[in-house]
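Residues per chain, in single letters:
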Amino acid sequence: MLRRGSELRRGDREVLLDLDHGAEAQTTDSYGSVQDGSFIPPRYLSAITAEDECPLTQVQDRRNQPLLQTGNYFRDGKTKIDFVLVWEVRSRRKKRSKAKNSGDPNAERSSSKSEQRRAQLEQWRDRFTQNLQETGLLIEKEETASEKKTVHFLKLSAPWDVLVYYAEELCQRAPLQAQPHLDLNTSARVLDKLYIPNILMESVPNRPLDYYTCAFRKSKLNRFLGSGDQENYFTHTQRHRMVYEILARTVYGKRKRAEVGVDRLINEGAYTAAFPLHEGPFELPGFGVRPEELNQRQVLYHFWARWCKWYKYQPLDHIREYFGEKIALYFAWLGFYTTWLLPAAVVGTLVFVSGIMTMGSNIPAEEICNNGSSYLMCPLCNTCKAWNMSEICPMAKVGYLFDHPGTVLFSVFMSFWAVTFLEYWKRKMATLSHHWDCMDFHEEEERPRPEFVAMAPMMEENPVTGVKEPYFPEKTRLSRMFTGSMVIIMMLCVVMIFLVTVVMCRGIISIMMFHTGSPVLRTEAGTIANICSSIVNLGLILLMGRVYTALAEQLTKWEMHRTQTQYDNAFILKVFIFQFVNFYSSPFYVAFFKGRFVGYPTNYGTLFGMRNEDCGPGGCLIELAEQLFIIMVGKQLINNVQEFILPKMKAWKQKRTLEKVLGGKGDRELQHWEEDYQLLECEGLFEEYLEMVLQFGFITIFVAAFPLAPLFALLNNWVEIRLDAHKFVCEYRRPVAERAQNIGVWFNILEALSHLSVIANAFLIAFTSEFLPRLLYQFKFDNNLHGYVNFSLAYAPLNYTEYPLCRYKAFRDNNGSYTLFYWELLAVRLGFIIAFEHVVFFVLRAIDWIVPDVPESLELKMKRERYLAKQALAENQEALLVSRVRGRGSGTGFGGSSTEVDENCGPIASRRTAQRSPTALSPKG
């Protein structure tokens, strides 16, 4: 701890970069003493003897102190546990006896290989632990044994000097000046101005303070708030990040093999888990405790993760303080998205209710119901009979709910909603990233992924760091990516085959319904077939999604992406492209292709011998609404059931597996690291983002056919927030807090979906809805739509002798040719698409120009923060003044001294004044 800056940097870099550093690996028994298992690096003890300083006197006498408290501490009750490494060792006696008794040479050979592998893993662990000791981490070992296996826990703690060094190395933000809590809640401000009681507001205790901050500098330690309290100066998440950085950089093998980092050790099986500890239990105490006395995990559980808090604001500052910025940004986005769904759900519900209230004024439906046998319709299949149009009276009335002027206006509203939502999210994201000190965060030069390191065929020098790293030829990667794209195309073709299968299944079910002879089944044949095929389609979608996700993961690994960011982006892109086609292909078919290539009597279009599908009696929009309801709502229900049941089943299975080794409440009280080891490993945010992004596509692209989609999405998201919160707080091990400036590539996907929704809604209104044909008919013939049904039906050609003069829905003459009205309607449709897109995109650009990405109040705060950073990181003003006076006497500005400049925070110190300022280098300030 007492090494000066240059010595500390040199020593740490020797361990982190020199893979052959150090002597022989020590055994695991040398981690600590026989008394308490704690370890103090010998260089600290030698430093105390050499320099006779006192910061380590407490650590030196730790073994003789009584136990003060239990929990996330070493056995001395003072040293905080920052990280825990876990590995399991099975009993060797039974395996040896079985191999000897069997006498099989193959069994003995496999046993020897197993022993060699076990010895290799043990050697790696020993070397890794030795190098961790050399970096300055304090280590304490615990064991829990049973007859079958032993579970080893290695507790790690970073002392003050190590934290200070890595805080500067990783550009941690340090507090300069406290400021009042910012009111970042827009809806709360609006309700307050309107003097409306806000039932969503709740006072959450122990809210993290808000500060003006700048990059941490050890030489300026005395300028930062709270620097005198070394025990609590760094937050738990900051400590976790810094220790994880050490674990990720520390080596355990040879340079040529690039055997570096705890992640690869876990992949190799040397460790089974590596995680920071939760801040105690999440259950609330059974006795009266003030809210301020709850730990962070209990606060999150009580005020966020419980179901009774479904209508309260999320405590985002607390989430960020406990889980880090990356997870907090996900919940901030999910909450912001859910809030914006509220007006969309209200408008959509009003549109649907208005359709119900105006069903009686639908003149075309009344003409269909009152025509009797006036309209004899041509058969719907080759083996079907003619039918009367009055049979579809109920479907014609119901179809009006999804195809009336209100749905058209709602689709226009949702197009503006989507683009406006993303614009305001950019403002919210900028505010949060600055509030959480991530606005200037840029990921440093990333380390290679452990899988990449293990499988790379050669070593090359990194042009940025100058260190030799595993290398994979770019040409080979591109060729693999091209091959992977061919596999993706093949899988998309499989999805298209399944789509054709569903279409044929729908046709077969319709024919079966017609042949039953039942008037009810004949009338509802299309609806029954559509519902059945949609259920089958949902099952195929979920099955193919599981298969392809596993395939995409293997393809992305095979492509050998160097960094985790590159790997994640490639994987996300593959899965989203496939899921987009997988989920949206059937709705796209119904919305834009079904009923377009039917033909007419004597000239029907066919597919594999079957006549092409026509839209049902109520139109294609009602069929699209049925599909969207089954696929979207069905998927949400299945996902919520899985998210509720599967984690509990996995946790129960894992606890049952480990309880024989770790014991339980009946045998003894489990330690915190044992309790956390029984929890599930955090699976990340990929599945959560993918589910929400697919939902966003459903409610924006096809909203013209299903006005209730935002309402169902809103209800689902209320459940989703609490399910995810409960998983992270109660069922997952605590993940390493990651910094993030935004939600990453998912925002680009959302932007693409919002632009696609504008185009899709324009085509949906123009070609699928009856809005424009009715509007043109009103303009040319009758404003009340009297006679529209007869006008929209064509007569079969004269050479159609099976059912002469039967009718079918089309704008054709007696010879099957398109009428003049069809071409006029086509021109109106194309003009509407062009006008709709241009108006929406123009408004989008206007909103983008009017609404700045960074709010004005935030820009003012950023200027204030930069000013405070310059003031705090400048040297003693009086010393500078004396230096300037002397400089004027000698003819130079600063007496010939040069000024050290920090590229982030401005001028740091004059070298001459730094030598005169005794507090500049004082670790205590």
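Here the structure is a predicted model, which is why all the values come from computation and not from measurement.

Caption draft 1: Seen up close, the overall build of the protein chain. Regarding its fold elements, the protein chain presents 31 helices and 19 strands. Accessible surface computed for the protein chain: about 44200 Å², of which carbon and sulfur atoms make up 59%.

Caption draft 2: Examining the pattern of salt bridges more closely. For the structure shown, the criterion picks out 27 salt bridges. K574 is paired through a salt bridge with E559; the nearest N and O atoms lie 2.8 Å apart. Placement of the pair is K574 in helix α20 (residues 564-592) and E559 in the loop between α19 (525-558) and α20, with a sequence separation of 15 residues. Counted as one network, the salt bridges with shared partners bring together R75, E140, E142 and K155.

Caption draft 3: Highlighting the packing of helix α15 (residues 405-435) against helix α25 (residues 745-768). Relative to each other, α15 and α25 sit at 165°, their axes nearing to 10 Å. Taken as axis vectors, α15 and α25 run roughly antiparallel relative to one another. Between α15 and α25 lies a crossing whose hand is left-handed. Touching V408, S411, S415, A418, V419, L422, W425 and K426 of α15 are F747, L750, E751, S754, S757, V758, N761 and I765, all from α25. Split by residue class, the contact of α15 with α25 holds 9 nonpolar, 5 polar and 2 charged.

Caption draft 4: Structural context of empty space enclosed by the protein. For the structure shown, the criterion picks out 3 cavities of 30 Å³ or more. Those elements that place two or more of their residues in the lining of the largest cavity are α17 (474-515), α19 and α20. It is α19 that provides the largest number of residues to the lining of the largest cavity, a total of 4 residues.

Caption draft 5: Highlighting α15. Relative to the 45 Å expected for 31 residues at 1.5 Å per residue, α15 spans 44 Å between its end C-alpha atoms, a close match to the ideal helical length. Extensive coverage of α15 is indicated by the burial of 24 of its 31 residues. After α15 finishes, the residue D437 shows a positive phi value of roughly 60°.

Caption draft 6: Structural detail: a nonpolar patch on the surface. A grouping of W307, V641, F644, I645, L646, M649 and V719 is seen on the molecular surface, where their side chains present a nonpolar patch of about 610 Å² in accessible area. The dominant element in the nonpolar patch, judged by the number of residues it contributes, is helix α21 (residues 620-662), at 5 residues. Assignment of secondary structure puts V641 in helix α21. Judged by its relative accessible area of 46%, V641 falls in the partly exposed class.

Caption draft 7: Region of the structure containing the nonpolar core. Within the largest apolar cluster, 106 residues are counted, with the highest numbers of intra-cluster contacts made by W333 and W417. Among the elements that make up this core, the one with the highest residue count is helix α12 (residues 325-357) (16 residues). Beyond its immediate chain neighbours, meaning those up to four positions away, W333 contacts F421, W425, Y689, M692, I743 and L750. Counting residues in hydrophobic clusters, the runner-up holds 39 residues, among them L121, I139, Y212 and F216.

Caption draft 8: How the structure looks around the packing of aromatic side chains. The full count for this structure, using the stated rule, is 65 aromatic pairs. Each ring, one from W333 and one from Y689, has its centre 5.9 Å from the other, and the planes form 45°; the classification is tilted. Taken as a pair, W333 in helix α12 and Y689 in helix α23 (residues 686-701) lie far apart in primary sequence, 356 residues in all. For the pair W333 and Y689, a shared accessibility class is recorded, and that class is buried. The interplanar angle of 70° and the centroid separation of 5.5 Å between the aromatic rings of F629 and F712 together place this pair among those described as edge-to-face. Of the two residues, F629 sits in helix α21 while F712 sits in helix α24 (residues 709-731), which places them 83 residues apart along the sequence. Geometry around Y795 places R807 over its ring, the cationic atom sitting 3.9 Å from the centre. Across from the ring centre of Y818, 4.2 Å away, lies the NZ or CZ of R812, which sits over that ring.

Caption draft 9: Up close: the side chain of E643. Here E643 lies in helix α21. On the basis of relative accessibility, which here comes to 13%, the residue E643 falls in the buried class. Not counting the four nearest positions on each side in its chain, E643 is found in contact with E688, E691, E720, L723, D724 and K727.

Caption draft 10: Highlighting the packing of α25 against helix α28 (residues 820-850). Taken N-terminus to C-terminus, the directions of α25 and α28 make an angle of 155°; their axes are 9 Å apart at the nearest point. The angle between the axes of α25 and α28 places the two elements in the roughly antiparallel class. Of the two elements, α25 crosses α28, and the hand of that crossing is right-handed. Residues H755, V758, I759, A762, F763, I765, A766 and F767 of α25 form the contact with α28, whose participating residues are L826, R829, L830, F832, I833, F836, E837, V840, F841, L844 and R845. Split into classes, the residues belonging to the contact of α25 with α28 amount to 15 nonpolar, 1 polar and 3 charged.

Caption draft 11: Looking closely at the state of the cysteines. Going through the model one piece at a time under the given rule, you end up with 2 disulfides. Note on cysteine connectivity: C369 is disulfide-linked to C393, with sulfurs 1.8 Å apart. Taking the sign of the torsion about the S-S bond as the criterion, the disulfide between C369 and C393, at about 90°, is right-handed. Here C369 is found in helix α13 (residues 363-370), whereas its partner C393 is found in helix α14 (residues 393-399), with 24 residues between them in sequence. At a sulfur-sulfur separation of 1.9 Å, the disulfide partner of C378 is C806. Because the torsion about its S-S bond is 85°, the bridge between C378 and C806 counts as right-handed.

Caption draft 12: Spotlight on the pairing of strand β4 (residues 149-157). Burial runs high along β4: 9 of the 9 residues are buried. Here β4 shows a buried face lined by K149, V151, F153, K155 and S157 and a second buried face lined by T150, H152, L154 and L156. Sheet analysis places strand β3 (residues 138-145) next to β4, joined by 8 bridges and oriented antiparallel. Considered in β4, the bridge of E140 is made with K155. Between the antiparallel neighbours β3 and β4 lie 3 residues.

Caption draft 13: Spotlight on the side chain of R829. Mapped onto the secondary structure, R829 falls in helix α28. Of the side chains bearing the opposite charge, E770 lies closest to the buried R829, which forms no salt bridge; the N-O distance is 5.8 Å. Each residue touching R829, except ones within four places of it in the same chain, is listed here: A766, F767, L772 and P773.

Caption draft 14: Quick look at unusual backbone geometry. For Y195, which is not glycine, the phi torsion reads 60° and is therefore positive. Along the chain, the position of Y195 falls in the loop between α7 (186-193) and β6 (210-215). Positive phi, close to 60°, is recorded for N206, a residue that is not glycine. Looking at where N206 falls in the secondary structure, it is placed in the loop between α7 and β6.

Caption draft 15: Quick look at the environment of L607. Relative to the assigned elements, L607 resides in strand β14 (residues 606-607). In this structure L607 touches V500 and N612, once residues within four positions along its chain are discounted.

Caption draft 16: Representation of the confidence of the model for the protein chain in the model. Summing up the model confidence of the protein chain, the mean pLDDT is 76 and the portion of residues at 70 or higher is 79%. Here residues 1-70 is a poorly scored stretch, pLDDT under 50, and it has 140 contacts once near neighbours within four places are set aside; other chains count. Confidence over residues 887-925 falls short of pLDDT 50; this stretch has 67 contacts with residues more than four positions distant or in other chains.

Scoring rules and cut-offs
Residues numbered from 1 in each chain as written. Predicted model: local features only at pLDDT ≥ 70, side-chain atom pairs only at ≥ 80, totals over all residues. Heavy atoms only, no water. Helix = DSSP H or I, 4+ residues; strand = E, 2+ residues; numbered from the N terminus. Areas by Shrake-Rupley, 256 points an atom, 1.4 Å probe, with all protein chains shown as cover. Salt bridge = Lys/Arg side-chain N within 4 Å of Asp/Glu carboxyl O. Axes fitted to C-alpha atoms, helices over the stretch in contact; angles between N-to-C directions. Parallel < 35°, antiparallel > 145°, perpendicular 65-115°, else oblique. Left-handed = near helix turned anticlockwise from the far one by under 90°. Contact = heavy atoms within 4.5 Å. Nonpolar A, V, L, I, M, F, W, Y, C, P; charged D, E, K, R; others polar. 1 Å grid on protein atoms, 1.4 Å probe; cavity = no way out; pocket = protein on both sides within 12 Å on 5 of 7 lines; lining within 4 Å. Points joined across faces, edges and corners; volume = space filled by probe spheres on them. Expected span 1.5 Å × (residues − 1). Buried < 20%, exposed > 50% of the residue type's maximum accessible area, 1.4 Å probe, protein only. Patch = residues over 30% accessible without salt bridge, like charges linked within 9 Å, V, L, I, M, F, W, Y side chains within 5 Å. Core = buried A, V, L, I, M, F, W, Y, C linked by side-chain atoms within 4.5 Å. Phe/Tyr/Trp six-rings, centres within 6.5 Å; stacked < 30°, edge-to-face > 60°. Lys NZ or Arg CZ within 6 Å of the ring centre and 35° of its normal. Disulfide = S-S within 2.5 Å. Pairing = 2+ DSSP bridges. Lys, Arg positive; Asp, Glu negative; His and termini not counted. pLDDT = per-residue confidence, 0-100.

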